[in-house]
Amino acid sequence: MIHNPAIECMSREDMRKLQSERLVKTVKTCYDNVPFYRRKMDELGVKPEDIKSIDDIHMLPFTTKHDLRDEYPFGLQAAPMSEVRRIHASSGTTGKPVVDTYTDNDLDNWAEGVARVLAVADTGKGDIVQVSYGYGLFTGGLGAHDGAAKLGAVQLPTSAGNSEKQIMLMQDFGSSILCCTPSYALHLAEVIEASDKVHLQNLKLRAGFFGAEPWTEGMRRELETKLHIKAYDIYGLTEMSGPGVGGECEYQDGTHLWEDMFYPEIINPDTLEPCAPGEFGELVFTSLCKEAMPILRYRTRDLTRLIYEPCKCGRTAVRMDRILGRSDDMLIVRGVNVFPSQIETVLTEFPVFTPQYFITVDRKNNEDSFDLDVELRSEYFSPNPSKQMPYIKPLYDRIVSLVGIKPNIHIKEPGAITRSIGKAKHVEDKRKFK
Ligand code: DLL
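Predicted model only: the values in this text are computed from it and were never measured.

A.B. asks: Describe the site of the ligand, with residues and values.
C.D. replies: Taken together, 21 residues lie around the ligand, and D233, I234, T238, D302 and R326 are the ones closest in. Here a nitrogen atom of the ligand sits 2.7 Å away from a polar atom, N or O, in the side chain of D233. The contact in question runs from an oxygen atom of the ligand to an N or O atom on the side chain of K423, over 2.8 Å. Here the ligand, which alone exposes 600 Å², has 95% of that area covered by the protein. Of all the secondary-structure elements, those providing two or more residues to the shell around the ligand are α6 (139-150) and β7 (230-237). Take the shell around the ligand: its biggest share by element is five residues, from β7. Residues that form the shell around the ligand fall into these classes: nine nonpolar, six polar and six charged.

Encoded structure:
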């Protein structure tokens, strides 16, 4: 179901008009109310009147994560606190968290974005939407919750963790839609498999909306097979409200971005110049509707490309390819660029392995080492190393040819690699501490 056909299927020309109107307004709000933007625009010699349409967006300054940290917590807020109804923040691995604040309209628009995504699976009244993203400062839980509410669905706020209970409720209550990180969905699938009380055939799950971390087509196949669902990608980031900046349609061929609310650009992260259409680069967003904390040309560090060819579903909203990873997640090992998601892609080509993996990068004798822990599925596992060899060789060869790195592969017994309830941690880079 298309939740908002007037917007999701709007002609490209009308969309640009809408974006232009909204950009002009956003820029004026930023300039008039946020000293940071006024300063940055003055430095570039740009006045709000110079921005007449979306074509002028390149004149505006970029905003970086660094800027958000410098302006922590409310330096980028354009509305008075009396208009703010909620505050969220991303956990952030280092330093201060990234903060977002929301007016009533911001909360409503956010819910609209998530509702458009969930509607793809005909989510509506009578559906029980189990929200197993963490509730709290993280935007996943409440974001999915409000999106489900907008569609009139039943919200089941289980939050993340306590997996045995999650699956019991999933069965007893008849949850039909699951929202969580793909890594947690995989863990739930494993817990269901191992349970003698909860059985897949007793579940009513029909679709899952998975995001907040990169995942692959192989992982989609695994989740769809294991949970008997359709697994959709949902994308978002705290700086643009949270989940629901975009999502996949029934063709699962790219993530439609809600361009009426978030204007996407792809730039070359080194030159900051726009990339040619279809080229991979860094995703940049300008918020077009946010009132409390509008953002101009925010550099997400997410690497992807935009697909402008029309989609079979009828939506005209531009599609984004899967996120390769964040530029700061990229490992450089012996001069080779490696994204953890590339390892997942290769691993899921081999049915003998589970999709679980953990990478440890270190520097020994002045050379980088790349250790990869993987799990054989229980049917194939043997503690005897000589019985593991036949499985290691093909995986090693494929990683060498596809990723260009020579891994030291260690086979672990099923369940040995730590499972996460939120965003998965796949890498430890010990070189950082040397
Ligand atoms: O992860 C918001 C969210 C919650 C999205 C639930 C989807 C579902 P942050 O914690 O601020 O917000 O992290 C945002 O996570 O810049 C990407 O690097 C990554 N990310 C989010 N969704 C996806 C996805 C939430 N579908 C950062 N695929 C983003 C790949 C994703 N990466």
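From this point, the narrative continues.
A.B. asks: Quick rundown of the state of the cysteines? Include the residues and the values.
C.D. replies: On inspection of all chains with the given rule, the structure shows zero disulfides. Its sulfur unpaired, C249 is 3.7 Å from the next cysteine sulfur, which belongs to C311.

A.B. asks: So what's going on with empty space enclosed by the protein? Which residues, and what values?
C.D. replies: Going through the model one piece at a time under the given rule, you end up with two cavities of 30 Å³ or more. In this structure, the largest cavity spans a volume of roughly 70 Å³. Lining the largest cavity, in full, are L68, E71, Y72, P73, L76, P97, V98, V99 and M293. Looking at side-chain class alone, the lining of the largest cavity contains eight nonpolar, no polar and one charged residues. One number sums up the size of the second largest cavity: a volume of about 60 Å³. Around the second largest cavity, the lining residues are D106, N109, W110, S241, M261, F262, C289 and K290.

A.B. asks: An account of the environment of V27 is requested, with residue identities and associated values reported.
C.D. replies: Summarising the element assignment, V27 is placed in helix α2 (residues 12-33). Between the C-alpha atom of V27 and that of L60, which follows or precedes it by 33 residues, the distance is 8.8 Å.

A.B. asks: So what about unusual backbone geometry? Which residues, and what values?
C.D. replies: The omega torsion of the bond from Y72 to P73 falls at -5°, within 30 degrees of zero and hence cis. Relative to the elements of secondary structure, P73 occurs in the loop between α4 (65-70) and β1 (84-89). With phi around 60°, S159 is a residue other than glycine that occupies positive phi space. Of note in this structure, R301 is not a glycine but carries a positive phi near 75°. Residue position: R301 is located in strand β12 (residues 298-304).

A.B. asks: Tell me what's going on with the layout of surface pockets, and back it up with residues and numbers.
C.D. replies: Taken as a whole, the second largest pocket encloses approximately 330 Å³ of empty space. The wall of the second largest pocket is formed by 20 residues, among which Y263, P264, E265, I266 and Y308 lie closest to the centre. For the lining of the second largest pocket, the secondary structure elements donating two or more residues are α2 and β10 (262-267). Here the lining of the second largest pocket takes four residues from β10, the largest share from any one element. Per-class residue counts for the lining of the second largest pocket are 11 nonpolar, two polar and seven charged.

A.B. asks: Lay out the side chain of E190 in plain terms, naming residues and giving numbers.
C.D. replies: Mapping E190 onto the fold places it in helix α8 (residues 182-194). Note on E190: relative accessible area 16%, which makes it buried. Setting aside its immediate chain neighbours within four residues, E190 contacts Q356 and R419.

A.B. asks: Describe the pattern of salt bridges, and please don't skip the residues or the numbers.
C.D. replies: What the rule picks out here adds up to 38 salt bridges. One salt bridge in this structure joins D127 and R206, with 2.8 Å as the shortest N-O distance. Residue D127 is located in the loop between α5 (104-118) and β3 (128-131), and its partner R206 is located in the loop between α8 and β6 (207-211); the two are separated by 79 residues in the primary sequence. Assessed through its relative accessible area of 35%, R206 is described here as partly exposed. The shortest N-O distance in the salt bridge between R377 and E222 comes to 2.9 Å. Of this pair, R377 sits in the loop between β19 (367-376) and α11 (385-403) while E222 sits in helix α9 (residues 217-227), placing them 155 residues apart in sequence. Given the relative accessible area of 12%, E222 is considered buried. The network of salt bridges with common partners includes E217, R220, D233, E248 and R322.

Reading guide: rules and limits
Residues numbered from 1 in each chain as written. Predicted model: local features only at pLDDT ≥ 70, side-chain atom pairs only at ≥ 80, totals over all residues. Heavy atoms only, no water. Near = heavy atom within 4 Å. Polar contact = N/O pair within 3.5 Å; in protein donor to acceptor, adjacent residues only side chain to side chain. Areas by Shrake-Rupley, 256 points an atom, 1.4 Å probe, with all protein chains shown as cover. Helix = DSSP H or I, 4+ residues; strand = E, 2+ residues; numbered from the N terminus. Nonpolar A, V, L, I, M, F, W, Y, C, P; charged D, E, K, R; others polar. Disulfide = S-S within 2.5 Å. 1 Å grid on protein atoms, 1.4 Å probe; cavity = no way out; pocket = protein on both sides within 12 Å on 5 of 7 lines; lining within 4 Å. Points joined across faces, edges and corners; volume = space filled by probe spheres on them. Buried < 20%, exposed > 50% of the residue type's maximum accessible area, 1.4 Å probe, protein only. Contact = heavy atoms within 4.5 Å. Salt bridge = Lys/Arg side-chain N within 4 Å of Asp/Glu carboxyl O.

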